[in-house]
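# Analysis of the macromolecular model
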Amino acid sequence: MKTIEAVSYPVHFQEESYAELSKLIQNKDYSTLFVLVDENTMEHCYPKFIPNLKTDKTIEVIEIESGEINKNLETCVGLWNAITELGGDRKSLLITLGGGVITDMGGFVASCFKRGIDFVNIPTTLLSMVDASVGGKTGVDLGVLKNQIGLFANPQMVIVDDQYLATVSERELKSGMAEIIKYGVTYDVSLFAHIKEHKEANISNLIFRSVEIKNEVVLKDPKEKNLRKILNFGHTLGHAIESFYLESEDKENLTHGEAIAIGMVCESYISNKLLDFPLQKVNDLKEVVLAIYDKIDLLSEDFSAIMDLLKHDKKNVNGQVNFVLLNDFEDFKLDCKVSEDLIQESLHFYNA
Ligand code: GLY
């Protein structure tokens, strides 16, 4: 599979990638290689990864506990301490081996350590392959508020090797599908049609096309001034719903994809009401979402807490919540203001 050239780094695919990583390590003459894992990627991915790494450099593995709940500054402090104690210096390389939490937080930790050391992303979940590991966004959550602290920083390379997908659960795999659907409805409707028609999905091709789209968008607008905002379709409400489930002790957490899928259904409904996005297409999207994800019963008594969390969305300006809405598939309108009543109506639409 061919390499995709991103802003300042390549995205390599499949097993051939590791030769490129070994070359990078040799050329840059790193002092120490740190590999950031969680308990799952340590057990299932590290043994697949390590034989591919041809180097005589010292390798230090740093393991953290998995889960969005640990994607915070406290964990970062622990990581900076660990790197320091293990002799990390400006010539160290941090290799992130994991899902979105590991790649987002690892990129952030690397970018701040001694004002920035190099890092390489090796995503192991579908979500991190098609979204989190590419595009230069790094960061952590602030309490339950998603990705509030972070910076744009590019890795030296990204390695997308779909052999790691065999190590993740069905639920985790489905989580990544929401981002692929998002690329379909906002940028390439043939991708959406492909998923809708349940065509024999070749996951490698879906991943490759998704990375291509993400990269095209990021190349045009790396700092999310305009076009890149389309990648937030479904995320405005989706993040608030995800945060709500994260903070509700009596409810099971939703995966990012489950929450974003609900967000996309609601935001397409709002698009119909405000921009005449065809109702048939809203229903198509809802049908696709419900074919992949279990229906979640959103309780009306929880709506006001979700609305409160919406007020913290990163795209808000002057206290106004900003949505990306659709005029049609592949045709969007940025920075749309939506009334609280209509947002609540959209949550009822999802429930109906
Ligand atoms: N996940 C959205 C973005 O990278 O812009």
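Before reading further, recall that the structure is shown in the block above.
Criteria and thresholds
Residues numbered from 1 in each chain as written. Predicted model: local features only at pLDDT ≥ 70, side-chain atom pairs only at ≥ 80, totals over all residues. Heavy atoms only, no water. Salt bridge = Lys/Arg side-chain N within 4 Å of Asp/Glu carboxyl O. Helix = DSSP H or I, 4+ residues; strand = E, 2+ residues; numbered from the N terminus. Buried < 20%, exposed > 50% of the residue type's maximum accessible area, 1.4 Å probe, protein only. Near = heavy atom within 4 Å. Polar contact = N/O pair within 3.5 Å; in protein donor to acceptor, adjacent residues only side chain to side chain. Areas by Shrake-Rupley, 256 points an atom, 1.4 Å probe, with all protein chains shown as cover. Nonpolar A, V, L, I, M, F, W, Y, C, P; charged D, E, K, R; others polar. Core = buried A, V, L, I, M, F, W, Y, C linked by side-chain atoms within 4.5 Å. Contact = heavy atoms within 4.5 Å. Pairing = 2+ DSSP bridges. Axes fitted to C-alpha atoms, helices over the stretch in contact; angles between N-to-C directions.

## Focus on the pattern of salt bridges
A complete count under the given rule lists 18 salt bridges for this structure. Across the pair K57 and D29 runs a salt bridge, and its minimum N-O distance is 2.6 Å. Linking K57 in the loop between helix 3 (46–49) and strand 4 (58–64) with D29 in the loop between helix 1 (17–28) and strand 3 (32–38), this pair joins segments that are 28 residues apart in sequence. Under the relative-accessibility criterion, K57 is labelled partly exposed at 21%. Exposure remark for D29: the relative accessible area of 45% places this residue in the partly exposed category. With a shortest N-O distance of 3.2 Å, K146 and E242 are connected by a salt bridge. Residue K146 is located in strand 8 (residues 145–152), and its partner E242 is located in helix 10 (residues 235–247); the two are separated by 96 residues in the primary sequence. Here the salt bridges share partners, and the residues they tie into one network are D188, R209, E212 and E216.

## Structural notes on the site of the ligand
For the ligand, the full set of nearby residues is D131, K137, K214, E224, R228 and L231. One nitrogen or oxygen atom from the side chain of K137 is found 2.9 Å from an oxygen atom belonging to the ligand. Here an oxygen atom of the ligand and a side-chain polar atom of R228 are 2.8 Å apart. Expressed as a share of its isolated accessible area of 200 Å², the protein-covered part of the ligand is 89%. Partitioned by chemical class, the residues of the shell around the ligand number one nonpolar, no polar and five charged.

## Concerning the nonpolar core
Residues V11, L21, F49, L237 and I241 are the most contacted members of the largest nonpolar core, which totals 99 residues. Apart from residues lying up to four places away in sequence, L237 is in contact with G263, C266, E267, I270, I306, L310, F323, I343, S346 and L347. Judged by nonpolar contacts, the second largest core, of 20 residues, contains F34, I62, F108 and V109.

## Topic: the environment of I296
Assignment of secondary structure puts I296 in the loop between helix 12 (279–292) and helix 13 (303–310). Put simply, I296 and V265 are 31 residues apart on the chain and 12 Å apart in space, counted from C-alpha to C-alpha. If we ignore the near neighbours within four places in the chain, the residues touching I296 are Y245, L254, I262, Y350 and N351.

## Some thoughts on the sheet that holds strand 3
Reading across from one edge, 1-2-9-6-5-3-4 is the order of the seven strands in this open sheet, with mixed pairing throughout. Strand pairing shows two members of the sheet lacking a second neighbour, strand 1 (4–5) and strand 4, which therefore form its edges. Bridge count for strand 3 against strand 4 is seven bridges, and the pairing is parallel. If you follow V35 over to strand 4, its bridge partner there is V61. Against the sheet, helix 1 makes contact with strand 2 (10–13), strand 3, strand 5 (93–98), strand 6 (118–123) and strand 9 (157–160), and its axis sits at roughly 155° relative to strand 9, the strand it touches most.

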